[in-house]
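# Overview (structure and organization)
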Amino acid sequence: MVEKGPIKFSVKSLKGSGISLEDIEIAIGRLAMEEEWEPMGPTPMPKITTLREWDMKLLKRYRPFYMPFCDLCCLCTYGKCDLTAGKRGACGLDIGAQQGRIVLIACAIGASTHTSHARHLVDHLIEKYGENWPIDLGSDIYVEMPISRLITGIKPKTLGDLSYILKYVEEQIVQTLAAAHTGQEGSYLDFESKSLHLGMLDHLAMEVADVAQIITYNFPKGKPDAPLTEVGMGLADTTKPVILCIGHNVSSGVEIIDFMKKNGLGRPGETIEVLGLCCTAHDLTRYDEQAKIVGPISHQIRFIRSGAADVLILDEQCIHIMVLSEAQRVKTPVIATSDKACHGLPDMTNKPVEEIVDALVSGKYPGVLILDLEKAGAVAVLTALRIAPIRKKFKSLPDKADLKKVAEKCTKCGRCRRNCPIDLPTDEAVFAARQGNFDKLAELYDYCLGCARCESECPRDIPIHSLIVSAAELKIKTERYKIRVGRGPILDTEIREVGSPIVFGEIPGVVAYVGCANYPEGGRDVAIMAEEFLRRRFIVTVSGCSAMSIAMYRTEEGKTLYEEYSGAFDAGGLVNVGSCVANAHIAGAAIKIANIFARRPLRANYEEIADYVLNRVGACGVAWGAMSQKAASIATGFNRLGVPVIVGPQGAKYRRLYLGRREDRESFTVYDARTGDRVWVGPAPEHLVYVAETREEAIVMTAKLCLRPNDTTKGRMIKLTHYVELYKKYYRRLPDDLHMFIRTEADIPITFKGEIMEYLKEVGWEPWEKPVVDPTLLERLIRVKK
Amino acid sequence: MSITPWQLGNVPGPKTALKLTGEVAGKLLKKAKNPLIIVGAEALKVKVGEKLLLDYVIEIAEVAKIPIVATSSTLSAFLERGVEPALSMGAIEITDRLRDPEWSLDGSKPHDIVVYVGITYQLQSQLLSCLKNFAPQIRTLSLDRYYHPNATWSFQNLSEKDWIENLNILMKTLKEEKKKD
Ligand code: SF4
Ligand code: SF4
Ligand code: SF4
């Protein structure tokens, strides 16, 4: 592969070199090889501080709010340092900066993980398809990679271009992470600016990863009517050999399906079941909808323990570290395929397929590491075929009759509960089982995260998680739901249709349910939230574990939301974009609205586009069960782009929020780009990252965070109707900040007119002098300077 | 023996909450110059004997004349009972404002004691951590059954019976002290 990249030099260094300025275009490599699709914007390939000014604008309005999860720092040998309440560490750092630093590290881990995922995919795909493989997302998508165009200024055309973009990301992550070293960055605001940078880079890496797999594996290219497939514990036909893929990088799963097809074994489900867990499951079904999704991360240990899988293939991310020992208990061989997750297994990459299969079937090795994906696919299939008949006796949940016996050992010491991440009353449930009542255990099934932490803490070695799963046996056997296959990007044609109603507020908002499954009270909450906004004809986009949890819920009609609502990016549409990396398309849609609908220049024009999104695109992310560092960087990337995010109560452990204060008028004062006047536009959106205590609070806050200064009168009225209705539904009266969003009487929701007028009178509301402005935080966008 | 956090892994650092009893809580609230009670949504689920925690808290607030901040959707439960909280605001939002040394509900004098009750454990722990680290001028009390190391004072992990007993003593102390006035 020939590496293409920029040659770095300064104009100064050219003096006397014999190179004239005309040569520069040629000398800077790939950038210059591009046709001029749009004039280059101000910030191609931004460095750490390039967008610092934008970050500081955001951070002035949305001030970092820290909730330390630990008062100590133990990052260097000066420590541990106690930083409680203003004390400084030996290096001089205080607790605020330390929180900023930890968030930066989390974002760096998240961004690195997606970048390394993207790198693995792109290198593998270049090897398979060549670096000139074209980026073609079909005739309905012209702006193929909005994030890449926006950040790098490159309009990528081939797989090779994606590799080049990743180089930029890799370099920036290294630069930014270095700020976390002892004695480097010291200001919490600058730590935050760097986290925002990492979040932005993360989105770029996700876009590269997802587009690379879409174009080569022929995933749906933004198909609103992508097919329905299945999700649930109860869908594996265990009379057939079963292969379970766990993780996020689908390339090994693809090799399995390809090997099956090539060798006359048909598509998934015909002779062999191919199942996925976590995001790799989404991507398997994007490759072939006959593959099936077991469920989100919570289903990992429980499905392995059920013994249904004959072979486990691990790729990367969100793999439970106990996966190998769990698999050993039910004699399921494990094949690790990522150099980032070797799990101590012997490297058999260079051994012949037959030898590896023999070793796995005979039990010589409980698992192997195979870094050649094609070989891993072959080994998985051949092992599954040979081992399935031998493993039959392991394919069942523990007998319910044994439950009571096991539970009898419980002393109700409570250690299980006090170590459960979400404080589930396991002690009471196990104790009830001791007395023959299994209902309490079965009830926990819908809430349990499946982490098995309770078990490792139980002094009586009671397999609490297994008890929960066994008690819920009936639920599990019938757990089968429909989900729409991840469709990938949003079509340019769709953006053209909805751009105007979104920007003017007639479509009241775009809500994205994303992220992991660390739910405070079960995945059902996410589905209920999504249903609320679908009924209200918001556009609802989903991805990852959240997309699966939403599927595992039936409406009053007995259908899943995917069966009831269309997959179109339109009012009342439920858009499953796909896996975690497909989150890029949600950000991409916001960017495309600015570019395609509003014709804002896209190329390397980050600030202006983010300013547009913040002020005009009523979008809000909800990561109700956010757990991972990836979720931290994804959310932070959305924030830099001007999209607010709500997390669940567990999200408070991320330590940092960005909160606005509605009463701080100055912070919500913007420029009117038409006149240069400074105008207060009300607290819209009020926060950038927010923790909601309950589902109800999250619902009300979601509606509110979709308000934007640019809403037209009609749009504002529609948005306020939803906000007021929801507020009244859950809080039983009018919101006490309503007057801050009503600019003129015309903004008032008709259904509540009388009541609201009375309220406005009470609070002394006056119509705004300048209700309609062209809002911007960027001075340079003022067209007529005063 | 030191008190262990309710969530056993929730060990914050060297500074942890002092053990609270009903009597101490009563005296502290009585002496407070400008106290505040923040009530979360768990108060709608948790019972104190026959009563909902929410109703119990309303009684405490009424006896001690402490303004209530209703977080999340607890507002509706207060309104149903004919009780008008001083403020309805997200638990995060009120805690954010309390970081400002000058801020108070009515703009008079800053709050010196803030009671947290009925917010889901993990979130309440984080909110208390915020004030412990960024608003050292405020002393925080947790009235929940479970030990919150990030508070200034917290009940230790109590059985339901002991917790109710402590709350009853708290109420009694408030009333007694009131009589003395
Ligand atoms: S990095 Fe600073 S605060 Fe942390 S342990 Fe070292 S000296 Fe202490
Ligand atoms: S830790 Fe074990 S013994 Fe203790 S309550 Fe839980 S199940 Fe019972
Ligand atoms: S497996 Fe379930 S019950 Fe056990 S600690 Fe994890 S979430 Fe709690």
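Bear in mind the structure is a predicted one, so any value in this text is a computation, not a measurement.

Right, let's talk about the overall build of chain B for a bit. Within chain B, the regular secondary structure consists of six helices and nine strands. The C-alpha radius of gyration computed for chain B amounts to 15 Å, which stays within 12% of the reference 16 Å derived for 181 residues, consistent with globular compactness. With the C-alpha coordinates aligned to their principal axes, the bounding extent of chain B is approximately 40 × 35 × 35 Å. Going through the 181 residues of chain B one by one, you find that 62% of them count as buried. A separation threshold of at least 6 residues defines the contact pool for chain B, and within that pool the share at least 24 residues apart is 65%. Here chain B displays about 7,100 Å² of accessible surface, and carbon together with sulfur accounts for 53% of that area. For chain B, the centre of its 23 positive side-chain charges and the centre of its 21 negative side-chain charges are spaced 5 Å apart.

This brings us to the overall build of chain A. A tally of helices and strands in chain A yields 31 helices and 21 strands. Its C-alpha atoms give chain A a radius of gyration of 27 Å, near enough to 28 Å, the size a compact globule of 786 residues would have. Summarising its shape, the C-alpha atoms of chain A cover approximately 80 × 75 × 60 Å along the three principal directions. Across the 786 residues that make up chain A, the buried fraction comes to 65%.

All names here are of chain B. Together, Lys31, Lys33, Lys109 and Arg139 make up a region of like positive charge exposed at the surface. With respect to the helices, strands and loops of the structure, lysine 33 is situated in the loop between α1 (22-31) and β2 (36-39). The class for lysine 33 is exposed, based on a relative accessible area of 64%.

Among the nonpolar cores identified, the biggest contains 278 residues, and A:Ile335, A:Tyr513, A:Phe569, B:Ile92 and B:Leu98 are the most heavily contacted of them. If one sorts the elements of this core by residue count, helix α8 (residues 188-217) of chain A sits on top with 15 residues. Apart from the residues lying within four places of it in its own chain, the contact partners of A:Ile335 are A:Val311, A:Leu312, A:Ile313, A:Leu314, A:Leu360, A:Val368, A:Ile370, A:Ala376, A:Val379 and A:Ala380. Among the nonpolar cores identified, the runner-up in size contains 52 residues, and A:Ile304, A:Leu324, A:Val330 and A:Ala433 belong to it.

Taken together, A:Cys73, A:Leu75, A:Cys76, A:Tyr78, A:Gly79, A:Cys81, A:Gly89, A:Ala90, A:Cys91, A:Arg101 and A:Thr182 make up the full set of residues adjacent to ligand 1. Among the residues forming the shell around ligand 1, the class breakdown is seven nonpolar, three polar and one charged.

Residues and elements named next belong to chain B. Spatially, the seven strands line up as an open sheet ordered β1-β9-β8-β7-β2-β5-β6, and their pairing is parallel. Two strands close off the open sheet at either side, each with one partner strand: β1 (18-19) and β6 (87-88). With two bridges joining them, strand β5 (residues 68-70) and β6 adopt parallel strand pairing. Each bridged residue has a counterpart across the sheet, and for valine 69 the counterpart in β6 is leucine 87.

Below, the discussion takes up unusual backbone geometry. Residue and element names in this part refer to chain A. With omega at 5°, the peptide bond leading from glycine 79 into lysine 80 counts as cis. Inspection of the secondary structure assignment puts lysine 80 in the loop between β2 (72-73) and β3 (81-82). Note that the residue after alanine 684, namely proline 685, is joined by a cis bond; omega there is -10°. In this structure, cysteine 278 is a non-glycine residue whose phi angle is positive, near 70°. Unlike most non-glycine residues, alanine 604 shows phi in positive territory, near 50°. Mapped onto the fold, alanine 604 is located in the loop between α26 (584-597) and α27 (606-616).

Residue and element names in this part refer to chain A. On domain assignment, one finds that chain A holds domain 1 (1-33), domain 2 (36-217), domain 3 (228-391), domain 4 (400-477) and domain 5 (482-776). Computed from C-alpha coordinates alone, the two centres of domain 4 and domain 5 are separated by 38 Å. Each partner contributes to the interface: domain 4 provides five residues, whereas domain 5 provides nine residues. For the pairing of domain 4 and domain 5, the buried interface totals around 410 Å² over both sides, and the portion due to carbon and sulfur atoms is 52%. If you sort the residues of domain 4 by the area they bury against domain 5, Ile422, Tyr447 and Leu449 come out on top, with a joint share of 74%. On the surface where domain 4 and domain 5 come into contact, there are zero salt bridges. Split by residue class, the side of domain 4 that touches domain 5 holds four nonpolar, no polar and one charged.

Time to look at the packing of aromatic side chains. All names here are of chain A. Tallied over the entire structure, the rule returns 13 aromatic pairs over all chains. Here the aromatic rings of tyrosine 217 and tyrosine 287 are separated by 5.6 Å at their centres, their planes lie at 70°, and the arrangement is edge-to-face. Here the residue tyrosine 217 occupies a position in helix α8, and tyrosine 287 occupies one in helix α10 (residues 279-287), the gap between them amounting to 70 residues. Between phenylalanine 533 and phenylalanine 538, the ring centres sit 4.8 Å apart and the planes meet at 75°, which makes this aromatic pair edge-to-face. These aromatic residues form a ring-pair network of at least three members: Tyr723, Tyr727, Tyr731 and Phe741. In this structure, arginine 149 is placed above the aromatic ring of tyrosine 142, and the distance from its NZ or CZ to the ring centre is 5.2 Å.

All right, on to the pattern of salt bridges then. All names here are of chain A. Tallying each qualifying case throughout the model produces 65 salt bridges over all chains. In this structure, the salt-bridge partner of glutamate 316 is lysine 340, at a minimum N-O distance of 2.9 Å. Of this pair, glutamate 316 sits in the loop between β8 (311-314) and α12 (323-329) while lysine 340 sits in the loop between β9 (334-336) and α13 (353-362); the two residues are 24 residues apart in sequence, bridging distant segments of the chain. Using a relative accessible area of 4% as the deciding quantity, one classes glutamate 316 as buried.

This brings us to the pairing of strand β17 (residues 656-659) of chain A. Residue and element names in this part refer to chain A. Burial along β17 is two-sided: the residues Arg656 and Tyr658 and Leu657 and Leu659 are all buried. Strand direction decides the pairing type here: strand β1 (residues 63-66) and β17, joined by four bridges, are antiparallel. Directly across from arginine 63, in β17, lies its bridge partner leucine 659.

Residues and elements named next belong to chain B. Of note, aspartate 144 is situated in the loop between β8 (139-142) and β9 (153-154). Note: C-alpha distance between aspartate 144 and tryptophan 163 (19 residues apart in sequence) is 8.2 Å. Once residues lying within four places of it in the same chain are set aside, the contact partners of aspartate 144 are Leu53, Val117, Gly118, Ile119, Gln124, Phe155 and Trp163. Separated by 2.9 Å, the side chain of aspartate 144 and the backbone nitrogen of glycine 118 make a polar contact.

About the criteria used
- Residues numbered from 1 in each chain as written.
- Chains lettered and ligands numbered in written order.
- Predicted model: local features only at pLDDT ≥ 70, side-chain atom pairs only at ≥ 80, totals over all residues.
- Heavy atoms only, no water.
- Helix = DSSP H or I, 4+ residues; strand = E, 2+ residues; numbered from the N terminus.
- Rg over C-alpha atoms; globule rule 2.2 N^0.38 Å.
- Buried < 20%, exposed > 50% of the residue type's maximum accessible area, 1.4 Å probe, protein only.
- Contact = heavy atoms within 4.5 Å.
- Areas by Shrake-Rupley, 256 points an atom, 1.4 Å probe, with all protein chains shown as cover.
- Lys, Arg positive; Asp, Glu negative; His and termini not counted.
- Charge placed at Lys NZ, Arg CZ, Asp CG, Glu CD.
- Patch = residues over 30% accessible without salt bridge, like charges linked within 9 Å, V, L, I, M, F, W, Y side chains within 5 Å.
- Salt bridge = Lys/Arg side-chain N within 4 Å of Asp/Glu carboxyl O.
- Core = buried A, V, L, I, M, F, W, Y, C linked by side-chain atoms within 4.5 Å.
- Near = heavy atom within 4 Å.
- Nonpolar A, V, L, I, M, F, W, Y, C, P; charged D, E, K, R; others polar.
- Pairing = 2+ DSSP bridges.
- Domains from an automatic or database assignment.
- Buried area = accessible area lost by both parts, 1.4 Å probe.
- Phe/Tyr/Trp six-rings, centres within 6.5 Å; stacked < 30°, edge-to-face > 60°.
- Lys NZ or Arg CZ within 6 Å of the ring centre and 35° of its normal.
- Polar contact = N/O pair within 3.5 Å; in protein donor to acceptor, adjacent residues only side chain to side chain.

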